[in-house]
Amino acid sequence: LVEADVAWDSEISKSIWDVNEFIRLDDTILKRIEWSKESKLQKGRDLVRRIRRRELYQYVNDFAVPEEDIIGFKPVTEV
């Protein structure tokens, strides 16, 4: 949505100031992104299509680091 807002000259973020424009913000924005030919929206198009195909991130696990150990805790990096 952020990329679409930039590509569309802040159309999305400016809509908060006009109630008639704001109420038009619904899921059709996703369709506009998905079917747009604008090169700036390629990343957004790919993401929306992944969501539609249900190619979602899988939850693996989480780990709560005790507060006293945070100082020496190394950040997780990509494998």
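Please refer to the structure higher up on the page.
Predicted, not measured: the structure shown is a model, and the values here were computed from it.

Chemist: Help me understand the pattern of salt bridges, please; the structure alone is not making it clear to me.
Modeler: Any two side chains of opposite charge can pair, given that their charged atoms come close. Taken as a whole, this structure holds four salt bridges when the rule is applied. In this structure, the salt-bridge partner of R24 is E21, at a minimum N-O distance of 2.9 Å. Among the salt bridges present, the one from R52 reaches E34, with a minimum N-O distance of 2.7 Å. Taken as a pair, R52 in helix α5 (residues 42-52) and E34 in helix α4 (residues 28-35) lie far apart in primary sequence, 18 residues in all. Since its relative accessible area comes to 8%, E34 is described here as buried.

Chemist: Please explain the environment of K37 as it appears in this structure.
Modeler: For K37, the position within the fold is in the loop between α4 and α5. Spatially, the C-alpha atoms of K37 and K14 are 22 Å apart, while their sequence positions differ by 23 residues.

Chemist: Got a minute to help me understand α4 in this structure?
Modeler: Note: α-helices contain 3.6 residues per turn, so residues at a spacing of three or four share the same orientation. Of the positions making up α4, those classed as buried are I29, I33 and E34. Down the axis of α4, the buried side of the element spans an arc of 135 degrees, and every buried residue falls inside it. On the buried face of α4, the contacting elements are α1 (2-7), α2 (11-14) and α5.

Chemist: How do you make sense of the packing of aromatic side chains when you look at a structure like this?
Modeler: The relative placement of two aromatic rings is captured by the distance of their centres and the angle of their planes. Applying the stated criterion to the full structure yields zero aromatic pairs. If you follow R49 out to its NZ or CZ, it ends over the ring of W35, 5.7 Å from the centre. Positioned above the aromatic ring of Y57 is the side chain of R50, whose terminal nitrogen or guanidinium carbon lies 4.7 Å from the ring centre.

Calculation rules
- Residues numbered from 1 in each chain as written.
- Predicted model: local features only at pLDDT ≥ 70, side-chain atom pairs only at ≥ 80, totals over all residues.
- Heavy atoms only, no water.
- Salt bridge = Lys/Arg side-chain N within 4 Å of Asp/Glu carboxyl O.
- Helix = DSSP H or I, 4+ residues; strand = E, 2+ residues; numbered from the N terminus.
- Buried < 20%, exposed > 50% of the residue type's maximum accessible area, 1.4 Å probe, protein only.
- Arc of directions from axis to C-beta.
- Contact = heavy atoms within 4.5 Å.
- Phe/Tyr/Trp six-rings, centres within 6.5 Å; stacked < 30°, edge-to-face > 60°.
- Lys NZ or Arg CZ within 6 Å of the ring centre and 35° of its normal.

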